[in-house]
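Geometric and topological summary
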Amino acid sequence: MATERTLSILKPDATRRNLTGKINTLLEDAGLRIVAQKRIQLSRAQAEGFYAVHRERPFFNDLVTFMISGPVVVQVLEGENAVQKNRDVMGATNPANAAEGTIRKTFAESIEANSAHGSDSLENAAIEIAYFFSGIEIVG
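Residues numbered from 1 in each chain as written. Predicted model: local features only at pLDDT ≥ 70, side-chain atom pairs only at ≥ 80, totals over all residues. Heavy atoms only, no water.

Details of the side chain of aspartate 13
If you trace the backbone, aspartate 13 turns up in helix 1 (residues 12–16). According to the relative accessible area criterion, aspartate 13 is buried, its value standing at 0%. Side-chain polar atoms of aspartate 13 contact the side chain of serine 115, separated by 2.7 Å. (Helix = DSSP H or I, 4+ residues; strand = E, 2+ residues; numbered from the N terminus. Buried < 20%, exposed > 50% of the residue type's maximum accessible area, 1.4 Å probe, protein only. Polar contact = N/O pair within 3.5 Å; in protein donor to acceptor, adjacent residues only side chain to side chain.)

Description of the sheet that holds strand 3 (residues 72–80)
Across the sheet, which stays open at both edges, the 4 strands sit in the order 2-3-1-4 with antiparallel pairing between neighbours. With one partner strand each, in any of the chains shown, strand 2 (33–40) and strand 4 (116–118) form the two edges of the open sheet. The average undirected angle you get between the axes of adjacent strands in this sheet is 20°. Alignment of strand 1 (residues 3–10) against strand 3, held across 8 bridges, turns out to be antiparallel. Bridging across to strand 3, glutamate 4 finds its partner in glycine 79. On top of the sheet, helix 5 (residues 82–90) reaches strand 1, strand 3 and strand 4; it is set at about 35° to strand 1, its chief contact. (Pairing = 2+ DSSP bridges. Axes fitted to C-alpha atoms, helices over the stretch in contact; angles between N-to-C directions. Contact = heavy atoms within 4.5 Å.)

Things to note about the environment of arginine 16
For arginine 16, the location among the structural elements is in helix 1. It is 26 Å that separates the C-alpha atoms of arginine 16 and alanine 82, two residues lying 66 residues apart in sequence.

Considerations on helix 7 (residues 122–132)
Each α-helix winds once per 3.6 residues, and so residues spaced three or four apart point in a common direction. Along helix 7, the residues classified as buried are Ala125, Glu128, Ile129 and Phe132. In an axial view of helix 7, the angular spread of the buried residues amounts to 100°, which keeps them on one side of the axis. The exposed residues of helix 7 that point more than 90 degrees off its buried face are Glu123, Ile127 and Ala130. Tucked inside the fold, the buried residues of helix 7 contact strand 1, strand 2, helix 3 (44–50), strand 3, helix 5 and strand 4. (Arc of directions from axis to C-beta.)

Here's the deal with unusual backbone geometry
A positive phi angle, near 60°, is found at asparagine 18, a position not held by glycine. Within the secondary structure, asparagine 18 is located in the loop between helix 1 and helix 2 (20–29). Take asparagine 18: its relative accessible area is 64%, and that puts it in the exposed class. For serine 115, which is not glycine, the phi dihedral falls at a positive 75°. Using a relative accessible area of 0% as the deciding quantity, one classes serine 115 as buried.

The quantities given are spatial measurements derived from coordinates; they are silent on function.
Structure (structure tokens):
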């Protein structure tokens, strides 16, 4: 396995409930290292740009509205097989289908307010990381 980087976003439902530390502990306990992290408030334009791949989907406007409803924590995670490992720690998109002990099973309020986003591939991870971070902000 090679060391990879992936993007993680702790969504507004998680930051509203002050879960950043608890979620970070789950990520770190899984062997992921947080090499960049910042708390930001997304503008509508930023959220629409980030989720542009979903623009034609019926949930797009609701997703954007949710993502700008409060601060988010964007992170770069690093580790062996980081993309898949982060997805495993997050759990299934629908918290009802997520495994016990995962972020979404433990903390999600709904399918939309599911506490975390994670890149789904190495290619998307690179794009998503560059959307939020410059190279000098990532300290390995």
